[in-house]
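Okay, here's what each chain looks like letter by letter:
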Amino acid sequence: MSTNMRLRLPLLCIILEVILIILFGALVEYNDDTHAKMWNANKSHSATRDDYENEFYYRYPSFQDVHVMIFVGFGFLMTFLQRYGFSSVGFNFLIAAFSLQWATLMQGFVHGMHHGKIHVGVTSMINADFCTGSVLISFGAVLGKTSPVQLLVMAIFEVTLFAVNEFILLSMLGANDAGGSMTIHTFGAYFGLMVTRVLYRPNLDKSKHRNSSVYHSDLFAMIGTIYLWMFWPSFNSAITNYGDPQHRTALNTYYSLAACTLATFAFSALVNPEGKLDMVHIQNAALAGGVAVGTAGEMMLTPFGSMIVGFLAGTISVLGYKYLTPVLESKLKIQDTCGIHNLHGMPGVLGAVVGAVTSALASPGVYGHGLQRVFADAETGKWNPQSRGGFQAISLAVTLGMALFGGLVTGFILKLPIYGAPPDTHCFEDGLYWEGFLLSQALPWGPLHSKEYNKSTDSIL
Amino acid sequence: MSTNMRLRLPLLCIILEVILIILFGALVEYNDDTHAKMWNANKSHSATRDDYENEFYYRYPSFQDVHVMIFVGFGFLMTFLQRYGFSSVGFNFLIAAFSLQWATLMQGFVHGMHHGKIHVGVTSMINADFCTGSVLISFGAVLGKTSPVQLLVMAIFEVTLFAVNEFILLSMLGANDAGGSMTIHTFGAYFGLMVTRVLYRPNLDKSKHRNSSVYHSDLFAMIGTIYLWMFWPSFNSAITNYGDPQHRTALNTYYSLAACTLATFAFSALVNPEGKLDMVHIQNAALAGGVAVGTAGEMMLTPFGSMIVGFLAGTISVLGYKYLTPVLESKLKIQDTCGIHNLHGMPGVLGAVVGAVTSALASPGVYGHGLQRVFADAETGKWNPQSRGGFQAISLAVTLGMALFGGLVTGFILKLPIYGAPPDTHCFEDGLYWEGFLLSQALPWGPLHSKEYNKSTDSIL
Amino acid sequence: MSTNMRLRLPLLCIILEVILIILFGALVEYNDDTHAKMWNANKSHSATRDDYENEFYYRYPSFQDVHVMIFVGFGFLMTFLQRYGFSSVGFNFLIAAFSLQWATLMQGFVHGMHHGKIHVGVTSMINADFCTGSVLISFGAVLGKTSPVQLLVMAIFEVTLFAVNEFILLSMLGANDAGGSMTIHTFGAYFGLMVTRVLYRPNLDKSKHRNSSVYHSDLFAMIGTIYLWMFWPSFNSAITNYGDPQHRTALNTYYSLAACTLATFAFSALVNPEGKLDMVHIQNAALAGGVAVGTAGEMMLTPFGSMIVGFLAGTISVLGYKYLTPVLESKLKIQDTCGIHNLHGMPGVLGAVVGAVTSALASPGVYGHGLQRVFADAETGKWNPQSRGGFQAISLAVTLGMALFGGLVTGFILKLPIYGAPPDTHCFEDGLYWEGFLLSQALPWGPLHSKEYNKSTDSIL
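Residues numbered from 1 in each chain as written. Chains lettered and ligands numbered in written order. Predicted model: local features only at pLDDT ≥ 70, side-chain atom pairs only at ≥ 80, totals over all residues. Heavy atoms only, no water.

Caption draft 1: How the structure looks around the interface of chain B and chain C. Contacts between the two partners involve 77 residues from chain B, matched on the other side by 83 residues from chain C. Interface area for chain B against chain C, summed over the two sides, is near 7000 Å², with a carbon-plus-sulfur share of 72%. Taken together, chain B and chain C are joined by one salt bridge. One salt bridge connects Asp51 of chain C with Arg373 of chain B, and the closest N-O pair in it is separated by 2.9 Å. Our enumeration of links across chain B and chain C arrives at 28 residue pairs in polar contact (both at pLDDT 80 or more). (Contact = heavy atoms within 4.5 Å. Buried area = accessible area lost by both parts, 1.4 Å probe. Salt bridge = Lys/Arg side-chain N within 4 Å of Asp/Glu carboxyl O. Polar contact = N/O pair within 3.5 Å; in protein donor to acceptor, adjacent residues only side chain to side chain.)

Caption draft 2: Up close: the interface of chain B and chain A. Between chain B and chain A, the residue contacts involve 83 residues of the former and 76 residues of the latter. Between chain B and chain A, the buried area comes to about 7000 Å², and carbon and sulfur atoms account for 72% of it. Its largest share of buried area at the contact with chain A, chain B owes to Tyr30, Phe93 and Phe220 of chain B, together 10% of the area lost on that side. Here chain B is connected to chain A by one salt bridge. Inspection of the chain B/chain A interface yields 27 residue pairs in polar contact (both at pLDDT 80 or more). Elements supplying a minimum of two residues to the side of chain B that touches chain A: helix H1 (8–27), strand S1 (28–30), helix H2 (36–45), helix H3 (55–77), helix H4 (85–111), helix H5 (122–142), helix H8 (215–237) and helix H17 (451–460) of chain B. The residue inventory of the side of chain B that touches chain A, partitioned by class, reads 47 nonpolar, 22 polar and 14 charged. (Helix = DSSP H or I, 4+ residues; strand = E, 2+ residues; numbered from the N terminus. Nonpolar A, V, L, I, M, F, W, Y, C, P; charged D, E, K, R; others polar.)

Caption draft 3: Examining empty space enclosed by the protein more closely. The tally for this structure, following the rule as stated, stands at 10 cavities of 30 Å³ or more. Here the largest cavity is characterised by a volume of approximately 370 Å³. In this structure, the largest cavity is lined by 23 residues; those nearest its centre are Tyr57 of chain A, Tyr57 and Pro61 of chain B together with Tyr57 and Pro61 of chain C. Counting residues per element, the ones that place at least two in the lining of the largest cavity are helix H3 (55–77) of chain A, H3 of chain B together with helix H3 (55–77) of chain C. Tallied by class, the residues present in the lining of the largest cavity amount to 18 nonpolar, five polar and no charged. Here the second largest cavity is characterised by a volume of approximately 240 Å³. Along the wall of the second largest cavity there are 21 residues; nearest its centre are Asp65 and Phe231 of chain A, Gln64 and Asp65 of chain B together with Asp65 of chain C. (1 Å grid on protein atoms, 1.4 Å probe; cavity = no way out; pocket = protein on both sides within 12 Å on 5 of 7 lines; lining within 4 Å. Points joined across faces, edges and corners; volume = space filled by probe spheres on them.)

Caption draft 4: Examining the relation of the copies chain B and chain C more closely. Laying chain B over chain C is done by rotating through 120° and shifting 0.0 Å along the axis; what remains is an RMSD of 0.0 Å. The symmetry that links the two subunits is that of a three-fold axis. Relative to the rotation axis, the closest C-alpha in chain B is found at Pro61 of chain B, a distance of 3.8 Å. By residue overlap, the copies meet through two different surfaces: only 14% of the interface positions of chain B are interface positions in chain C. (Least-squares fit on C-alpha atoms with pLDDT ≥ 70 in both.)

Caption draft 5: Region of interest: unusual backbone geometry. With a phi close to 55°, Phe428 of chain B is a non-glycine residue in the positive phi region. With respect to the element layout, Phe428 of chain B can be found in the loop between helix H16 (385–415) and H17.

Caption draft 6: Broad picture of the packing of helix H9 (residues 244–270) of chain C against helix H12 (residues 302–332) of chain C. All names here are of chain C. Two elements in contact, H9 and H12, have axes whose closest approach is 7 Å; the angle formed by their N-to-C orientations is 35°. Crossing of H9 against H12: the hand is right-handed. Of the residues in H12, those touching H9 at Asn252, Tyr255, Ser256, Ala259, Cys260, Ala263, Thr264, Phe267 and Ser268 are Thr302, Pro303, Ser306, Met307, Val309, Gly310, Phe311, Ala313, Gly314, Thr315, Val318 and Leu319. Tallied by class, the residues present in the contact of H9 with H12 amount to 12 nonpolar, nine polar and no charged. (Axes fitted to C-alpha atoms, helices over the stretch in contact; angles between N-to-C directions. Left-handed = near helix turned anticlockwise from the far one by under 90°.)

Caption draft 7: Focus on the nonpolar core. Counting residues in hydrophobic clusters, the biggest one holds 464 residues, and the most contacted among them are Tyr227 of chain A, Tyr227 of chain B together with Tyr227 of chain C. Contacts of Tyr227 of chain C, omitting those with residues within four sequence positions, involve Val68, Val72 and Tyr227 of chain A, Tyr227 of chain B together with Val68, Met69 and Val72 of chain C. (Core = buried A, V, L, I, M, F, W, Y, C linked by side-chain atoms within 4.5 Å. Buried < 20%, exposed > 50% of the residue type's maximum accessible area, 1.4 Å probe, protein only.)

Caption draft 8: View of the UniProt feature "domain: Ammonium transporter AmtB-like" (unreviewed entry) in chain A. In the numbering used here, UniProt assigns the "domain: Ammonium transporter AmtB-like" (unreviewed entry) feature to residues 53–416 of chain A. In the segment residues 53–416 of chain A, helix accounts for 73% and strand for 1%; the C-alpha atoms at its two ends are 51 Å apart. (UniProt positions renumbered as here; feature names shortened; annotations may be inferred.)

Caption draft 9: Layout of the packing of aromatic side chains. Summed over the entire model, instances satisfying the criterion amount to 93 aromatic pairs over all chains. The interplanar angle of 80° and the centroid separation of 5.0 Å between the aromatic rings of Tyr58 of chain B and Tyr57 of chain C together place this pair among those described as edge-to-face. Pair noted here: Tyr58 of chain B is in helix H3 and Tyr57 of chain C is in helix H3, and the two residues belong to different chains. In this structure Tyr57 of chain C comes out as buried when scored by relative accessible area, which is 15%. Residues Tyr254 of chain B and Tyr255 of chain B carry aromatic rings whose centres are separated by 5.2 Å and whose planes lie at 70° to one another, so their mutual orientation is edge-to-face. Judged by relative accessible area, which is 0%, Tyr255 of chain B ranks as buried. An aromatic cluster of at least three residues, connected via ring pairs, comprises Phe24, Phe56, Tyr57, Tyr60 and Phe63 of chain A together with Tyr58, Tyr242, Tyr254 and Tyr255 of chain C. (Phe/Tyr/Trp six-rings, centres within 6.5 Å; stacked < 30°, edge-to-face > 60°.)

This is the structure we're talking about:
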């Protein structure tokens, strides 16, 4: 059977992990805040460095919130499919665990080695989780239609390109993007959309009956939604400068999400002929407000501005689910399982535009001495808000280009018939990959048969 | 159909959010700890203000725990109903997202403007979430019997009255209530009980078959319970003074909850003829210990005192579920879906009384220089423990009065036949509000019919 | 019926809680960081102690993560059983709430009283939660086969012995074990394995049909798994020294877990004839990496070393589930419901060995001035890495001996026919303990009958 993972998945996992371990052994070192010698060395030379100044205490609570978003948030958000809960949570777990290691290396390579070594600490952990988030966004587009081997291969390429794009934006163009409207959401979305375009399955309707939710699977998905929603203020503020920027980013994101939620409920009911709410919208569009302030959140966007952005993001996201997704599938052959274009794509672009405008409007009068804590080049005296805004816009264009090109190439690589992709008749089906299900190919539209699970059906519910 | 939300819900959401945005634009500003100019302005004038002194680092982890309680805790606690999981989590999400914005304004108006502006930061976020908690408590009383339009209207009034009551207690009476035994729990409970009294449905038994749990819905509800239980120490300590009061409050709450849990299991089994445990008690009464130390938690209650209070709270809560709730419904016509009287009402009153007694017993001998960090007026020299205790007792009376009066008025407003309240035959039913269910009015006692969900039943379980 | 809890459970709970309250009243005091008088007393005598130096701000976020692991992590991990979800989460809740109080006393007695008083604060809360974790590990071995009365009795003895063993290791032998590879995991595992050995049920196969998972119960269990996995860095770092040790421990654990996850997926597929993944492995073995760096995590293990340890831990854990657990049951008569030997036993021993080796390899050249922050006796000048390594190895031997002996004695105590142990035909069955199920003993292999739950089956799924 084509999806046989008998050797492919385990060998790939083992080989990748062995490579990772070797590279970590050769290249990775503790940074000054995690190194027994360096932290104390610095301390002994100067009386000003106390334990509470260790970056751990500024960043670790944010890191854990981000970590929850990556593993519980993304993992459970995708459990909405009725027969794909094990794979949603499980493959999310696998590719995230791989990606965060690979991202540590790739981001370390690109963003600057220290005497040939990559330095790690809580900030690198957050950045690695961020990069992983991008891969999980792309996962949302191909959910149910790709084997775990394909997903790992996708992660290898996407993480690498993510690091390159991030380097171009943050280091070369000097862009601001603390919450990753561009680097994470726009990149992950358009990369994933291009991959799913290349992997287009004309006969996917053979698995259509499984490409939907059941009552309890929608409740599991709400666990993911709510955790993403709650912790998004931590996500956007996790790597800003200490003090007011971190505080302000969390606050702006909080208001943006609240406004977005009201827009989501409003438009979900408005676009329904009976005025009913659609769980798909609530699960996804209510989060668009977090995506859309990913760039401008650290700036003086004001709660007022944040709420306007959040309201717009929720609105375009619901409208996208209702009117755009069907067109993307029928006209452009883009089969986007989770609708990432609506949750991450359009709101990410919106966030980039808002960031460019907010940058262009920045002034010393508003920011005072805080200006250089938000715009790094303000310190050098060369700062010019209009050109800053321009560079932000260029950053969006670069991101779109990198994502579409990278997704195209990666899509063709994933199309090679060597990864055990699931057949059209068995997409969105846990039984292909997980023990305990008895697949019945003679009854492709019939129920899953499993000694265990059938028995349990009789007995418990 | 009377519950038609075709236009009412979306228009209400849009109008409310537009009003919120306008008011935020006119009135809300960053406070000194979130403002780029102000934070750095202060810093540059004095060498003593370092980033780690930003209130963000003292309060944000607590805020996130509170946030989880509001959205996951309350949201999932109410998913115990077999057919109302979408609405429980979804409407909780909607009214919380609205309430936290509205509360920011109302609390800002009442508690003191700065040159005509409301200042926001992490403390205002926590306070807004607290106020939201009160609305969600009331939601528990009317769960399943009110449309989302009614819930939003209720939130408008309840948030406003909450802010007024909170102002009277904290600013005028100088009361202590860091964890909100009075302002949040007592207020939310009696407000909600009065609303549900006014909205009494004599024929609610037509929906009785849905007003109960199933196996998995009880497990989802336990997610809510456990998160509320775990993070209650953060809730009670979130806005106390820094240092020992915050630390002590968390500790007291931790012990109170642990003792409460043993009491809950004990009395749940004791009141059952077969000695079996009742999930309703475990899900709810085990939390009463957190409610009951909401006022005294920051004081020198001692672990010993906290455990006694927790044990009592768990006991009265279980006994309330067993013996009082049926009487409230049959005699007083109070239909309290979640039993908020047992979880928030009686334990809230207990907490207020414990707070009054503990205040009255405070002395400089016990508190030392820490006295004024708990009792603000100790600094002025006018502090008198007995009168403090008296003011605490008056605060309880004021809260009860405000809650009952406010609930009465709000109840009559919600009774107007313009909000699409669900019919008696379709209470506790997601299908009224959510896409994907096919309601069968011909079979009011029969199963929900849904193409999607019926199919899935065949195929997955 | 033998499992009748009519009086036994409630009386035991009440008596235990009353004893706890009395002992807390007599013995427990706030420590300096939670006491209104002491914190401020110190402050007023010296200008150097600011609120941000209160241990609360260093430890409380870690505490909350640990707390989530104890109540959500362990609680939901055990919901994988199809008919035992209420008991898994509920009894986990009960015995954890008891154990953390009892542990506060036992650890306080043993680790040093202050003028006859036990001092409590956030560090004691973490330590009490740690001890509780050990009891919950043992619970995993006897899950489904013991009444809550038995579990409470087990907790009484296990907590006591835990405190003694911890004292011997940390205070007498001067061992390092911040994340508890030995004190928590090895101790809890072998204690529990010995208990279940003594409680061996030759006819347990009468309940075999319920000793397995269903689709949704496996998803609930994944909630537990993911939370344990995410917060394990906080667990291992929660009570290390401030600054670089805490930071480094979190980092090492993060990498160990990531590598462990890839090993788990690899070997889970590899040992399956069809190359399919087994949910049991993913739910459990992926966590072994956290266990295995519980001792060495605070040392200069390096990310490289952490990943090797994590990879090994995942590998032996999967192989244990596949090949060792069946042998333990058939040959040694050890019925280990959750496979704690594979998740906590072997990885705990591995962690102890890794800790001994890493200790023996420590040197001032690598640690610099940080040496004494990891190895307390380095300050005294008597430090010798080889003997340190030796003491670590002795600590493992002591732990194994204490656990096996303690489990043996406790097992025989639990075997007394006075605790209402469930009959062989009704193990793994919520209906014995929880209201709302109608047990049908005439149909031991048939479905659970319950008016409520049967009705709901018809109507919702």
